Amino acid sequence: MAVNGEGREARAARAWASIIGCVDGKPVTAGHVCRIASVAVGVDGSALSLSTGLDSQSLVYATDEVARQVEELQFTLGEGPGVEAWAYGGTCLAADLSSAATTARWPWFAPAAMQAGARAVFAFPLQAGAIRLGTLDLYRARSGPLTAEQMADALTFAAAALGVMLHTAHPQASPAQEVQPFGGMEESRAEVYQATGMIAVQLGASLAEALVRLRAHAFSQGVGVAEIARQVVARTLRFDPDLAADAGD
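Owing to the predicted nature of the structure, the values given are computational and were not obtained by experimental measurement.

*Asks:* Break down the overall build of the protein chain for me, citing the residues and quoting the values.
*Replies:* When helices and strands are counted, the protein chain shows 10 helices and seven strands. Evaluated residue by residue, the protein chain yields a buried proportion of 49% over its 249 residues. Put simply, the protein chain shows about 11,400 Å² of open surface, and 55% of that area lies on carbon and sulfur atoms.

Rendered as structure tokens:
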């Protein structure tokens, strides 16, 4: 995918050509962008998430289970490259999750992501001016940095992903190749936000504190935050103001 000395416009045109070439006349989706980006950049997988805040994230697409787990861990723990990329509006590159600097930076995320099968994670914010909609996160099963050409390709596909998320058709695409708008929020994430509101009422706390408690309980139980949220919504788990969490009503 990378071509030495290639200009930004030529790289973007080539990226879109590779995406359009694989859709066979169908609408371009997040899945197309993620799958092509993984191959082009030379990583093992990728994921695309919508974000409207540090505590509001919805997974749009993941190429595989490891990519999905990496996103879920970041959402559950509230730390990781994708979290920082969205918060600060710049790329966040973790070429070696086992390094002392990385484990000190993300003490919960780094070991958990390695256990899931990732050894390097590269996060790119999807933004245009003041608009920041989410992140494109890439992972590798081995440690090592991206080359300059791979970085350029990753940034190009992040821009393409932003175009998809903004429902913008490629200028040279036919009407049949227009970008497909996304549907509603992923059901599991909707439950997380519903559960957060319920926990806030139970604890008499803010939504931010409720989400922290939800995340902490999920991590202590070794399960995803979505599973704990389902228990809260189903009223089989209740958070007590005086205790970490209390099962049952």
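Still more ground to cover, so stick around.
*Asks:* How would you summarise helix α6 (residues 109-116) if you had to cite specific residues and measurements?
*Replies:* Among the eight residues of α6, six are classified as buried, and the element is accordingly described as predominantly covered. Considered for burial, the residues of α6 that qualify are Phe 109, Ala 110, Ala 112, Ala 113, Met 114 and Ala 116.

*Asks:* Before we move on, can you summarise the confidence of the model for the protein chain with the specific residues and values?
*Replies:* On average, residues of the protein chain score 80 in pLDDT, and 79% of them reach the 70 mark or higher. Below a pLDDT of 50 lies the segment residues 244-249, which in the model reaches 19 contacts outside its immediate sequence neighbourhood of four places, other chains included.

*Asks:* For the packing of helix α2 (residues 30-41) against helix α7 (residues 148-165), give the residues involved together with the corresponding values.
*Replies:* Packed helices, taken two at a time, are described by their axes: the angle between them and the distance between them. Two elements in contact, α2 and α7, have axes whose closest approach is 10 Å; the angle formed by their N-to-C orientations is 175 degrees. Here α2 is positioned roughly antiparallel relative to α7, judged by the angle of their axes. Residues Ala 30, Val 33, Ile 36, Ala 37, Ala 40 and Val 41 of α2 form the contact with α7, whose own contacting residues are Gln 150, Asp 153, Ala 154, Phe 157, Ala 161 and Val 164. Among the residues forming the contact of α2 with α7, the class breakdown is 10 nonpolar, one polar and one charged.

*Asks:* Describe the pattern of salt bridges, listing the residues and the values that go with them.
*Replies:* Counted under the stated rule, the structure contains three salt bridges. Here Glu 65 and Arg 68 are joined by a salt bridge, their closest N and O atoms 2.6 Å apart. With Glu 65 and Arg 68 both in helix α3 (residues 65-77), this residue pair falls three residues apart, about one helical turn. In this structure, the salt-bridge partner of Arg 230 is Glu 227, at a minimum N-O distance of 3.1 Å.

*Asks:* How would you sum up the side chain of Thr 196? Please name residues and give values.
*Replies:* One can find Thr 196 in helix α8 (residues 187-203). A relative accessible area of 6% means that Thr 196 is categorised as buried. Residues contacting Thr 196, with those up to four places away along its chain left out, are Leu 207, Ala 210, Leu 211 and Leu 214.

*Asks:* Describe the nonpolar core, and please don't skip the residues or the numbers.
*Replies:* One finds Leu 48, Phe 124, Leu 126, Leu 136, Leu 138 and Phe 157 to be the most contacted residues of the largest nonpolar core, which totals 29 residues. Those elements that place two or more of their residues in this core are α1 (8-23), α2, β4 (120-128), β5 (131-140) and α7. Ranked by residue count, the leading element in this core is α7, at nine residues. The residues contacting Leu 48, other than those within four sequence positions of it, are Ala 30, Cys 34, Ser 58, Leu 59, Val 60, Tyr 61, Leu 126, Thr 135, Leu 136, Ala 161 and Met 165. If you look at the next biggest cluster of nonpolar residues, it comprises 22 residues, including Cys 92, Leu 97, Ala 123 and Tyr 139.

*Asks:* I'd like to hear about the packing of α3 against α6, residue by residue, with values.
*Replies:* Following both chains from N to C, one finds α3 and α6 inclined at 160 degrees, their axes separated by 9 Å at the closest point. Comparing their axes, α6 and α3 come out roughly antiparallel. You can see that α3 and α6 cross each other, and the crossing is right-handed. Facing Val 66, Gln 69, Val 70, Leu 73, Gln 74 and Leu 77 of α3, the residues of α6 in contact are Phe 109, Ala 112, Ala 113 and Ala 116. When its residues are assigned to classes, the contact of α3 with α6 shows eight nonpolar, two polar and no charged.

*Asks:* Which residues make up the packing of aromatic side chains, and what values go with them?
*Replies:* Within the structure shown, the criterion is met by one aromatic pair. Ring plane angle 90 degrees and centroid distance 6.3 Å describe the contact between Trp 106 and Phe 109, whose orientation is recorded as edge-to-face. Residue class for Phe 109 comes out buried when judged on its relative accessible area of 0%.

*Asks:* Talk me through unusual backbone geometry; I want residue IDs and the actual numbers.
*Replies:* Positive phi outside glycine occurs at Arg 235, with the angle close to 65 degrees. Along the chain, Arg 235 turns up in the loop between α10 (225-233) and β6 (237-238).

The rules we used
Residues numbered from 1 in each chain as written. Predicted model: local features only at pLDDT ≥ 70, side-chain atom pairs only at ≥ 80, totals over all residues. Heavy atoms only, no water. Helix = DSSP H or I, 4+ residues; strand = E, 2+ residues; numbered from the N terminus. Buried < 20%, exposed > 50% of the residue type's maximum accessible area, 1.4 Å probe, protein only. Areas by Shrake-Rupley, 256 points an atom, 1.4 Å probe, with all protein chains shown as cover. pLDDT = per-residue confidence, 0-100. Contact = heavy atoms within 4.5 Å. Axes fitted to C-alpha atoms, helices over the stretch in contact; angles between N-to-C directions. Parallel < 35°, antiparallel > 145°, perpendicular 65-115°, else oblique. Nonpolar A, V, L, I, M, F, W, Y, C, P; charged D, E, K, R; others polar. Salt bridge = Lys/Arg side-chain N within 4 Å of Asp/Glu carboxyl O. Core = buried A, V, L, I, M, F, W, Y, C linked by side-chain atoms within 4.5 Å. Left-handed = near helix turned anticlockwise from the far one by under 90°. Phe/Tyr/Trp six-rings, centres within 6.5 Å; stacked < 30°, edge-to-face > 60°.

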